[in-house]
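Descriptive analysis of the structure
For reference, the chains in residue letters:
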Amino acid sequence: MNAFFEHHKHSIRFAYRCFDRLLLNAVIQPFQQAERVVGFFWTYRHLYPVSRKVLHDIADQYHNWVRNRAQKWRLAIEPDPKGRRDDFVAPRFRKAAPDQVVAIIKAREPTGILKAIGKEQNWHLEMKWRWVDQYNFYVNDRHWGPMFVRVCPYFPFSARVCLNQHDWLARGLRQRAIRFRQCSNAFLSCSDPEALQQLADSLTPDDLMACAQKWLARFTPFFTPAERQHAGVQHRLFFAQTEYCDNLLFRRRAALEALEQRLLDVNRTIGQPTKLTVIFGRRITRHHHGKLQSVIEDLNLPNPVLRSHYGHGFLKQYVRDVYNLRTEPATNNVTDYGIGKAVENLPQLRQKLSSLIDRYHDVQQDILETFVDRGQLRTLTQPTILPNGKRIPGLKLDHPRQLAVMHALVRFAHLAAGSTFTTAELHPQVLRALGHSAADYTLGSLRYDLWKLRAKALIKKIPHSRRYQLLPNGYQICVLFLKLVEKLYAPLTAGILQPFAGDKSVPSEKTSPLDHRYQAVVQALDHLVEAVGLKVA
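The structure contained in this document is the topic of the report that follows. (Residues numbered from 1 in each chain as written. Predicted model: local features only at pLDDT ≥ 70, side-chain atom pairs only at ≥ 80, totals over all residues. Heavy atoms only, no water.)

**Some remarks on unusual backbone geometry**
In this chain, Tyr-48 is followed by Pro-49 through a cis amide linkage whose omega measures -5°. Along the polypeptide, Pro-49 turns up in the loop between helix H2 (34–44) and helix H3 (52–72). The step from Phe-155 to Pro-156 runs through a cis peptide bond, and the omega angle for that step is 10°. Secondary-structure assignment places Pro-156 in the loop between strand S5 (145–151) and strand S6 (159–164). Phi angles above zero are rare outside glycine, and Asp-99 is one such case at about 60°. Mapped onto the secondary structure, Asp-99 falls in the loop between helix H4 (85–89) and strand S3 (100–119). Residue His-464 is not a glycine yet carries a positive backbone phi of 60°. Counting through the fold element by element, His-464 comes out in the loop between strand S18 (459–461) and strand S19 (468–470). (Helix = DSSP H or I, 4+ residues; strand = E, 2+ residues; numbered from the N terminus.)

**Details of the pattern of salt bridges**
Opposite charge on two side chains allows them to pair when their charged atoms are near. Throughout the structure, instances matching the rule amount to 24 salt bridges. Linking Lys-9 and Glu-6 is a salt bridge whose minimum nitrogen-to-oxygen distance equals 3.0 Å. A cluster of three or more residues bridged by salt bridges with shared partners is formed by Asp-80, Arg-85, Glu-109 and Arg-150. (Salt bridge = Lys/Arg side-chain N within 4 Å of Asp/Glu carboxyl O.)

**Thoughts on the packing of aromatic side chains**
A complete count under the given rule lists 29 aromatic pairs for this structure. With a centroid separation of 6.0 Å and 50° between ring planes, the pair formed by Tyr-448 and Trp-451 is classed as tilted. With a gap of three residues between them, Tyr-448 and Trp-451 both fall in helix H15 (residues 443–455), about one helical turn apart. A cation over a ring is seen here: Arg-45 above Phe-222, with NZ or CZ 4.2 Å from the ring centre. (Phe/Tyr/Trp six-rings, centres within 6.5 Å; stacked < 30°, edge-to-face > 60°. Lys NZ or Arg CZ within 6 Å of the ring centre and 35° of its normal.)

**Quick notes on the layout of surface pockets**
There is about 1200 Å³ of room inside the largest pocket. Looking at the largest pocket, it is lined by 41 residues, and the ones nearest its centre are Asp-86, Pro-146, Asn-164, Asp-167 and Asn-185. Elements represented by at least two residues in the lining of the largest pocket include exactly strand S1 (12–27), H4, strand S4 (122–141), S5, S6, helix H5 (165–175), strand S13 (313–320) and strand S14 (324–331). Here the lining of the largest pocket gets five residues from one element, more than from any other, and that element is S5. Of the residues contributing to the lining of the largest pocket, the split by class is 14 nonpolar, seven polar and 20 charged. (1 Å grid on protein atoms, 1.4 Å probe; cavity = no way out; pocket = protein on both sides within 12 Å on 5 of 7 lines; lining within 4 Å. Points joined across faces, edges and corners; volume = space filled by probe spheres on them. Nonpolar A, V, L, I, M, F, W, Y, C, P; charged D, E, K, R; others polar.)

Purely geometric numbers; function is a separate question.
See below:
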């Protein structure tokens, strides 16, 4: 249980986590090699060579099969609609029977297909990436509810399967006679939240494969049952896109709205170069090609979305269905998190994404709270003496360079990377916070500042690598001093030493709540110094 949930648990009715959208790539692995394809056609179809005409005939047969199936199911093969396909087909599911195909959408999309290259009897096969017409079958599965299967009509029939665990959970709750209320993609109430979470955690790779293989076998009639059994031509499933959601259902709408505004406010002012967008910068190692940034989106809507990007994935947090604070990591490439793409890795993926949510919540609670220094402030500012007698300067916690480094360290991009970073990744962010050029603040200067943080055990160097890791205590100390300096010391000092003359003419009722609180602090300090005699002195 993370600190965020513990702090707000009295305001939360119930909570649960589950996979949301699961988009799976389905490929017949043996047929990714041309030699295996040739061997299949020679062994099972007594056909050689595999020419361009053979592949064209297979595709034509599939198009004809879909047209015949559509007539039998009394469906039209529809073109790709404008807008979201899910919204387009949603009304078809309302009265659908179990295992009924409710819609077929034909759309041009990219995929890998087998191409025959040559002429006469000299042909060789190559896999090519092409934009081709594919069929999206929308199905009301008896176990998973609304889903779709996209099949490419060209050999070797690559496919995609899209599932949603919320519908799977709803079926399981009904079987257990557990009362619940579902609204689109979330549960608003549940009579047994513990059973709901246990059921969500019970999802296994076999559950995914059983559903996917059932429909893939029906939608690829080219292969006979004997071929499926003996030639190993079943599709294998891999994660293409995954979404895992944490749902906190609050008791009162007002409490959630107040918390949401605080989260949005602190997340666009702590460690950010602007008030609306947090730029974490790009990872400049040659192995990284994705985003490293955090943005606040849909500010014009009632419920803005805080979205943090990392690699091929992102984590977003927003309010849905009035009472639900949803935190949802998603990725288009699970290898960013050290997980293999095969669906057999579902338990490891669940654990990884759940840990990411916990870290995200812990950091948010660190930002919302202020930790009190308990006798360690002097230690932080004093020099550190190493066992060999070497003297490392202490931290100057109000120094611009030190604060700029702290700004760069507390950014959410590092969380998804396991709170690790290199000096090359951190350097551009420190330069932005300082407003200096690389000539004024070099990588050597940054290493020197990090050296002092290492001496105080706020960060550590990862052995046998160039990466550093920001430790939990280090994160809390950085957030604490950024808040004290930028939210208390700096504005209060400015208000006392150089007040803005125009503020005196602003009516009290038009002064912002934050300014009211600053003025109260100033007045309290005036009373304090007067009571101890400092004003007289």
